There are 2 protein chains.
Amino acid sequence: MAARPTRKTSKSSDKVGVICRALRRAIIEQALEPGAKLPEDALGERFGVSRTIARHALGQLAGEGLVELRRNRIAVVATPSWQEARDAFDIRIELERLVVRQLAGKLTKSQIAELNAHVDAEDRARGGTDAVSIRLATEFHILLAQMTNSPILVRYVSEVAYRCCLTLSLYSRPHSSECAISEHRAIIAALAKGDEAKVMELMRHHLDSVANRALVAPVPQRGRDLLDILAPYADEVTGDRVVKLPKVGRSRP
Amino acid sequence: MAARPTRKTSKSSDKVGVICRALRRAIIEQALEPGAKLPEDALGERFGVSRTIARHALGQLAGEGLVELRRNRIAVVATPSWQEARDAFDIRIELERLVVRQLAGKLTKSQIAELNAHVDAEDRARGGTDAVSIRLATEFHILLAQMTNSPILVRYVSEVAYRCCLTLSLYSRPHSSECAISEHRAIIAALAKGDEAKVMELMRHHLDSVANRALVAPVPQRGRDLLDILAPYADEVTGDRVVKLPKVGRSRP
DNA sequence: AATACTCCAATTGCATGCACTTTCAGCGGA
DNA sequence: TCCGCTGAAAGTGCATGCAATTGGAGTATT
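The present account deals with the structure reproduced in this document. No experiment lies behind these values; they were computed from the predicted model shown.

**Digging into the protein's contact with DNA strand C**
- A:Arg51, A:Arg55, B:Ser50, B:Thr52 and B:Ile53 are the nearest of the 19 residues found near DNA strand C.
- By atom count, sugar and phosphate contribute 70% of the portion of DNA strand C lying within 4 Å of the protein.
- Here a base oxygen of DNA strand C and a side-chain polar atom of B:Thr52 are 3.1 Å apart.
- Elements with a minimum of two residues in the surface near DNA strand C: α2 (40-47) and α3 (51-64) of chain A together with α3 (51-64) of chain B.
- For the surface near DNA strand C, the leading source of residues is α3(B), giving 3 residues.
- Looking at the surface near DNA strand C residue by residue, the classes come out as 4 nonpolar, 6 polar and 9 charged.

As structure tokens, this is what we get:
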């Protein structure tokens, strides 16, 4: 009757959230490379919402460090420097050691089964693209974090893991997932056994080797980074530009 | 000279940022208690901007965990559960240990002077209100983080420190700043000496004792928490409400 | 040919308006 | 007296419109 004003409000539209998730995924699967432009109009049109919503979503992603938001300029997918990437991994190591410390010996049978199932999926995806492997590997770590039942920890682990994903697409050589997968299995085993010290060390080693495999060159400053290097200097100058950077072949002409 | 289109674009209005900072500060100084309502209209009017901007700012703060955003409802200052507070402190300990690990033995003379000056300020503020003491103590930790030159670390330490501030106002007994201040001094000394292990242990002990002083009761579930406890249950039911919570004396009538 | 200038299209910054949802005071029935 | 109902007020969700800024192609100048 007229007495039921909202029939299925539970469908909480949450358009901003939807767009955030979509963009996040697109970014970590490298469908959107670092530096890719994200105009509000285009996003809005693509997702069937107004600029307002797209804008709001970009704001959230900027808060997570996945998107760079410069005033009056088109938003772009973040391009972390090599040092920032290293910092992100350092933080991630500590956070995820905390995760496994809290989890060691406390997992239920069904949780362990769930973890194993996920790694099986990773295994199955080995034939597919790198992007999918990387996403699945990342989701394994997020799954672990979720099992702590600590929303804050989940948030931070997710964020920093996504950031690390982003850097993989920048600095990584072709991803080799074999070792990552076996290390995931080792971590599950140690968690089940409840060996806290062991699993913390395993996690450190795992993430450290991922980082070292990813961040190959100490500070190579490849290609288009030149633009970003000069950006802060140019921004310092308030009114007029210093040099008009000659053509350096932007990501793609 | 009509050729100078932008005279001082550096005045980047950044209204959203201004509001965020203002609200953040109001929250950590307990001018806005947990649970306080934050209607978009009111904020917009207060800061001389439109609802759009206020809304955007609330979105950012929600991302930082300082504000709770429920669909179609007025935003409120976040009310972390006791467990979330404990989790936040655990994360904070690990992050700040990372900070001092990176900083040990690497501080310049002027940086050490800056830290000492800050603690002096904390000392001077001992006569003032708790709110200011807490804010200064928190800012000491953020200052440390900034000296790592790692934007990511700064962001996470700041966020989690603000969250902890929030919990202090919920669960803390009257703040006694003496020991905190002396511990800050001890940390500076150990940093200057470059004793990495020592300073990491100092930081752990410092934050742990702050947490223990703050989170006194294991899980007392005081007063208005009742509402929050029942909230998820009520939300599960889509259409109609289960019970109409009787008067429980909301924050203030 | 290379550089500087100008102007227009593209895009963001922000406010406002409308539809929908929640809240709550007031009213009527048990 | 207590409970449930109802309608208006308050508040959010979102789209759209306008002003301001930026980027860059085209033109003028050396």
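Additional details are given in the paragraphs that follow.
**Examining the interface of chain A and chain B**
- Listed by partner, the interface residues are 34 residues for chain A and 34 residues for chain B.
- Here chain A packs against chain B, burying approximately 3000 Å² in sum over the two surfaces, 54% of which is carbon and sulfur.
- Looking at the side of chain A facing chain B, the largest losses of area belong to A:Ile91, A:Ile152 and A:Tyr156, adding up to 20% of the total buried there.
- Linking chain A to chain B there are 4 salt bridges.
- A salt bridge links A:Glu94 to B:Arg101; the shortest N-O distance between them is 3.3 Å.
- Contributions of two or more residues to the side of chain A that touches chain B are made by α3, α4 (82-103) and α7 (151-171) of chain A.
- Top element by residues in the side of chain A that touches chain B is α4(A). It accounts for 10 residues.
- When grouped by side-chain class, the residues that make up the side of chain A that touches chain B number 9 nonpolar, 11 polar and 14 charged.

**With respect to the sheet that holds strand β1 (residues 37-38) of chain A**
All names here are of chain A.
- The 3 strands are arranged β1-β3-β2 in an open sheet whose pairing can be described as antiparallel. The sheet is open, and its two edges are formed by β1 and β2 (67-68), each paired on a single side.
- Where β1 lies against strand β3 (residues 75-77), 2 bridges are found, and the strand directions are antiparallel. Each residue of the ladder has a partner; that of Lys 37, found in β3, is Val 76.

Conventions and cut-offs
Residues numbered from 1 in each chain as written. Chains lettered and ligands numbered in written order. Predicted model: local features only at pLDDT ≥ 70, side-chain atom pairs only at ≥ 80, totals over all residues. Heavy atoms only, no water. Near = heavy atom within 4 Å. Polar contact = N/O pair within 3.5 Å; in protein donor to acceptor, adjacent residues only side chain to side chain. Helix = DSSP H or I, 4+ residues; strand = E, 2+ residues; numbered from the N terminus. Nonpolar A, V, L, I, M, F, W, Y, C, P; charged D, E, K, R; others polar. Contact = heavy atoms within 4.5 Å. Buried area = accessible area lost by both parts, 1.4 Å probe. Salt bridge = Lys/Arg side-chain N within 4 Å of Asp/Glu carboxyl O. Pairing = 2+ DSSP bridges.

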